[in-house]
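Here's the letter readout for the chains.
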Amino acid sequence: MTVAALPETTARRRRSPLTEAIRRHPTVTAGLAIMAVLVAMAVLAPYLWTIDPMKLDPRFRLKPPSERNWFGTDHLGRDLYSRVIYGSRVSLQVGLAVAVVATLIGTAIGLVAGFLRWVDALVMRVMDGLMAVPGVLLAIALMALTRASLETVVIAIVIPEVPRVVRLVRSVVLTLREQAFVEAAEAIGTRFHRVLAKHILPNAVAPLIVQATYICASAMILEAILSFLGAGTPPTIPSWGNIMAEGRQYVRVAFWLLGFPGLFLTLTVLAVNLLGDGLRDMLDPRMRRRL
Amino acid sequence: MTASMAQAASPLLDVRGLVKHFVIGGGFLGKPKATVRAVDGIDFSLNAGETLGLVGESGCGKSTAGKTILRLLAPTSGTIHLRGADISGLSKAEMRPYRRDMQVIFQDPYSSLNPRMNAGEIVGEPMLNYGLATASERRGKVAELFQRVGLRADSMVKYPHEFSGGQRQRLGIARALALQPGLIICDEPVSALDVSVQAQIINLLIDLQQSFGLSYLFIAHDLAVVQHISQRVAVMYLGKIVELAPTGELFANPLHPYTEALLAAVPAANPKERRTRALLTGDVPSPISPPPGCRFHTRCPHAEARCKLEEPALKQTAAGHSVACHLR
């Protein structure tokens, strides 16, 4: 008889679950912590505002950070702190929406492409075509076709991001369908939809989650770029990109107009990337075989 | 003769002129097209309760033959009869009812189990697919199967990576048994295991055969293993069966020069034993362009002019002993 698996060594020093998590997955914890603060900021924005972010006040134009205006004011005397807080909502909404929508659409197309040869040839050429155009350019072109709103921004960013997911899912499907356990599933009479749901998708989830976080980060940057170029979020909504675009011409006298929104954008993207990197490391060993 | 008598007389599995070619290359700007003749016309039959060993070097097409018989691959030509029914041209949906009677055990116990399903789900899935039991009945049946293959029933909640190689292969066997098939195609089921574990798995397979009256098509490259489990052995070379004989007869009196060479390559238990037979030189020719005439003539120590021109047919020389060689 084969010897039963040895019980795992339980002689681990006693630590609280939190310290244990930090020790084992420091990047995920750091990313999660920053994200938690940013999400809280976005959700609680109405309570964190000190001054209405839309309110113009010509008496306080281009003021440096002070006790009244923590991050200073812009050229119309609007409070930068409140605007930056509000801007986090746009970034997080766009990042999350793009990540979810692009992942869902990309997964659906990728699954079909991975299984059906003739669809594959057609779809992948279209995807290659989309990838040949730089994402920013494509998004600007798409924005030019429609009226500026948060939804159109999301759509304009989703379209250039979809091919990345399609390529990933397709390659995962092509690898998995050659695996013996997928052949075994057919041999034991598993129907096609169940093969997809139980054998293919669960094994594709780990790389998909990681890819989704990277898409989330790049969507936030793309949104800021679009807004900065005046092709994104309508100027009536304060987004980090909008604030930086408007502040660009005053940067010599008011560095804070670029500094604060830029800092927050950097922090957010960093947090999402840390999360993605950490998740990849966390999920990978489980995929690998251990004996 | 009545229909039922005809069925009783026909073998469980009957394979005639089975061919599986793969077309590679082609397409826009691709490499020129070529045909890999993985399986190039094989005939054999397998009776109920019997084990037929299918041996040959890597790349001789034995695994492809197994997968084609299972209809995981579509045959290029030839027929496959399972209990008298021709399954060679069936669609995936039409094939489904026949899968209950024909199961498979794979070579690699690691990649043949879904890492995201626990052991109970893996073994219970075939029953779920055919709606053979309610959820609670299934649990009991899975537990029974676990015990039958020598696994603890409480390990049902564990995932494949928590099992050893031998235990994983036991899981694969339990999954194959779940549908109570008549035929199990064993695709090198022990090649990936340690020698000590190999013996346990082989003994388990023999034991299960006796309890359930199973038939095995046992694909392997290890002659010692095949000798132990099979009643008859077919030797494959480059997509063709070159010799087919009862196990004792084949090992005592090999007729084909390739079989002789294979037997000579088996390590001897006594290192002082004198080796008289020459070992083969060179590699297996490419199945894309197999040599004309006898496929073995490029490596055969006895080849004559005729062997390079004429392809020998598989002909019977003694009761149940067939060989494809001009010289025997």
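Note that this is a predicted model, so its numbers are computed, not measured.

**Student:** Could you clarify how one ought to interpret the overall build of chain B in this entry?
**Tutor:** If you tally the helices and strands in chain B, you get 10 helices and 12 strands. The C-alpha atoms of chain B give a radius of gyration of 21 Å, which matches the 20 Å a tight globule of 328 residues would have. In terms of overall dimensions, chain B has C-alpha extents of about 70 × 60 × 55 Å along its principal axes. Carbon together with sulfur atoms contributes 53% to the accessible area of chain B, which is approximately 14,600 Å² in total. Of note, chain B has its 35 positive side-chain charges centred 3 Å away from the centre of its 28 negative side-chain charges.

**Student:** I'm lost on the overall build of chain A in this one. Help?
**Tutor:** Scanning chain A from terminus to terminus reveals 11 helices and zero strands. Each of the three principal axes of chain A carries a C-alpha extent, and together these read 85 × 55 × 30 Å. Of all intrachain contacts in chain A linking residues separated by at least 6 positions in sequence, the fraction that spans at least 24 positions is 70%. Only carbon and sulfur atoms are counted for the fraction: they give 67% of the accessible area of chain A, which is about 15,300 Å². The positive charge centre, built from 31 side chains, and the negative charge centre, built from 19, are 3 Å apart in chain A.

**Student:** Honestly, the pairing of strand β1 (residues 13-24) of chain B in this entry has me stumped. Any pointers?
**Tutor:** On a regular strand, each side chain points to the face opposite its neighbour's, so the side chains alternate between the two faces of the sheet. All names here are of chain B. Bridging between β1 and strand β4 (residues 77-82) involves five bridges; their strand directions are antiparallel. Looking across to β4, one finds that L13 is bridged to L82. For β1 and strand β2 (residues 34-46), the ladder comprises 10 bridges, and the chain directions are antiparallel. By the bridge assignment, I24 is partnered in β2 with A34.

**Student:** In this structure, what is going on with the confidence of the model for chain A? I would like to understand it.
**Tutor:** Any region with low pLDDT has predicted coordinates that should not be read closely. Residue and element names in this part refer to chain A. Looking at chain A as a whole, the pLDDT averages 86, with 92% of positions reaching at least 70. Low pLDDT, under 50, characterises residues 5-11; the predicted model gives this stretch two contacts beyond four residues in sequence or across chains. Here residues 287-291 is modelled with pLDDT under 50, and outside its nearest four sequence neighbours on either side it reaches eight contacts, counting other chains as well.

**Student:** It is not clear to me how unusual backbone geometry should be interpreted in this structure. Could you clarify?
**Tutor:** Where the residue is not glycine, phi is negative for most of them; where a peptide bond is considered, it is trans in most cases. Residue and element names in this part refer to chain B. Notably, R71 is not glycine yet its phi reads approximately 60°, a positive angle. Here R71 lies in the loop between α2 (62-69) and β4. Taking relative accessible area as the criterion, R71 reaches 12% and is therefore assigned buried.

**Student:** Just to check I follow, could you spell out the nonpolar core for this structure?
**Tutor:** Counting residues in hydrophobic clusters, the biggest one holds 56 residues, and the most contacted among them are B:I173 and B:F218. Element by element, the count of residues in this core is highest for helix α7 (residues 195-212) of chain B, at seven residues. B:F218 has contacts with B:T51, B:L52, B:G53, B:L54, B:C186, B:P189, B:I202, B:L205, B:V225, B:V226 and B:I229, leaving out every residue within four places of it along the chain. Listed in part, the 38 residues of the second largest apolar core include A:M124, A:V153, A:A185 and A:I200.

**Student:** Explain the interface of chain A and chain B to me, please; I cannot follow it from the model alone.
**Tutor:** Many authors give the size of an interface as the accessible area that is lost as the parts come together. At the interface, 27 residues of chain A touch 33 residues of chain B. Taken together, chain A and chain B are joined by five salt bridges. Salt-bridge contacts for B:E121 lead to A:K198; the nearest nitrogen and oxygen are separated by 3.7 Å. Seen at the junction of chain A and chain B, the total is 12 residue pairs in polar contact (both at pLDDT 80 or more).

**Student:** I would appreciate a short explanation of the pairing of β4(B) in the present structure.
**Tutor:** Residue and element names in this part refer to chain B. As paired strands, β4 and strand β5 (residues 85-86) are joined by two bridges and run antiparallel to one another. From the neighbouring strand, L82 faces β5, where its bridge partner is A85. Joining the antiparallel neighbours β4 and β5 is a turn of two residues, in which R83 adopts a positive phi near 45°.

**Student:** How do you make sense of the sheet that holds β5(B) when you look at a structure like this?
**Tutor:** Pairing between sheet strands relies on hydrogen bonds along the backbone, with the strands arranged either parallel or antiparallel. All names here are of chain B. Taken in spatial order, the four strands line up as β2-β1-β4-β5 in an open sheet, and their pairing is antiparallel. Two strands close off the open sheet at either side, each with one partner strand: β2 and β5. Packing of α2 onto the sheet brings it into contact with β1, β2 and β4, and relative to β1 it is tilted by some 110°.

**Student:** What am I meant to see in a nonpolar patch on the surface here?
**Tutor:** Residues and elements named next belong to chain A. On the surface, a cluster of nonpolar side chains totalling about 480 Å² of accessible area is made up of V39, V43, L44, Y47 and L48. Mapped onto the nonpolar patch, the elements with two or more residues apiece are α2 (26-43) and α3 (45-48). Position of L44 relative to the elements: it lies in the loop between α2 and α3. Taking relative accessible area as the criterion, L44 reaches 39% and is therefore assigned partly exposed.

**Student:** I tried to follow the pattern of salt bridges on my own but got confused; where do I start?
**Tutor:** Working definition: two side chains of opposite charge can pair if their charged atoms are close together. Going through the model one piece at a time under the given rule, you end up with 28 salt bridges over all chains. Measuring nitrogen to oxygen at the nearest pair gives 3.2 Å for the salt bridge that ties A:E161 to A:R164. Here A:E161 and its partner A:R164 are both found in helix α7 (residues 150-176), three residues apart, which amounts to about one turn of the helix. Between A:E186 and B:R99 there is a salt bridge, and its shortest N-O distance comes to 3.6 Å. Here A:E186 is found in helix α8 (residues 180-187), whereas its partner B:R99 is found in helix α3 (residues 92-99) on a different chain. On the basis of relative accessible area, B:R99 is assigned to the buried category, the value being 3%.

What counts, and at which threshold
- For every chain, the first residue of the written sequence is number 1, and numbering continues from 1 onward in sequence order.
- Chains and ligands are labelled sequentially in the order written, the chains with letters from A and the ligands with numbers from 1.
- Side-chain atom pairs in this predicted model are given and counted only at pLDDT of 80 or more, local residue features only at pLDDT of at least 70, and totals for whole chains, interfaces and linings cover all residues.
- Heavy atoms throughout the structure, all of them, feed into the side-chain values; hydrogens and water do not.
- The secondary structure listing takes helices from DSSP runs of H or I that are at least 4 residues long and strands from runs of E that are at least 2 residues long, numbered from the N terminus.
- Radius of gyration here uses only the C-alpha atoms, and the compact-globule reference equals 2.2 Å multiplied by the residue count raised to the power 0.38.
- We get accessible surface area from the Shrake-Rupley algorithm with a probe of 1.4 Å; when it comes to residues, only the shown protein chains can shield them.
- A positive count includes Lys and Arg, and a negative count includes Asp and Glu. His and the chain ends are not counted in either.
- Charge positions come from single atoms, namely NZ of Lys, CZ of Arg, CG of Asp or CD of Glu.
- In this analysis, two residues are considered to be in contact whenever any of their non-hydrogen atoms come within 4.5 Å of each other.
- Note on pairing: two strands pair once DSSP finds at least 2 bridges between them.
- Note: pLDDT gives the predictor's confidence per residue, expressed from 0 to 100.
- Accessibility here uses a 1.4 Å probe with only protein chains present; expressed as a share of the type maximum, an area under 20% marks a residue as buried, one over 50% as exposed, and anything in between as partly exposed.
- In this description, a nonpolar core means a group of buried Ala, Val, Leu, Ile, Met, Phe, Trp, Tyr and Cys residues linked to one another through side-chain atoms lying within 4.5 Å.
- A side-chain nitrogen of Lys or Arg and a carboxyl oxygen of Asp or Glu constitute a salt bridge if their distance falls within 4 Å.
- In protein, a polar contact requires one atom able to donate a hydrogen and another able to accept it; more generally it is a pair of N or O atoms within 3.5 Å, and residues adjacent in sequence count only if both atoms are side-chain atoms.
- To get an axis, fit a line to the C-alpha atoms, keeping to the stretch in contact for a helix; angles then go from 0 to 180 degrees between the N-to-C directions.
- Only residues whose relative accessible area exceeds 30% and that form no salt bridge are eligible for patches; like-charged ones are grouped when within 9 Å, while nonpolar side chains (Val, Leu, Ile, Met, Phe, Trp, Tyr) are grouped when within 5 Å.

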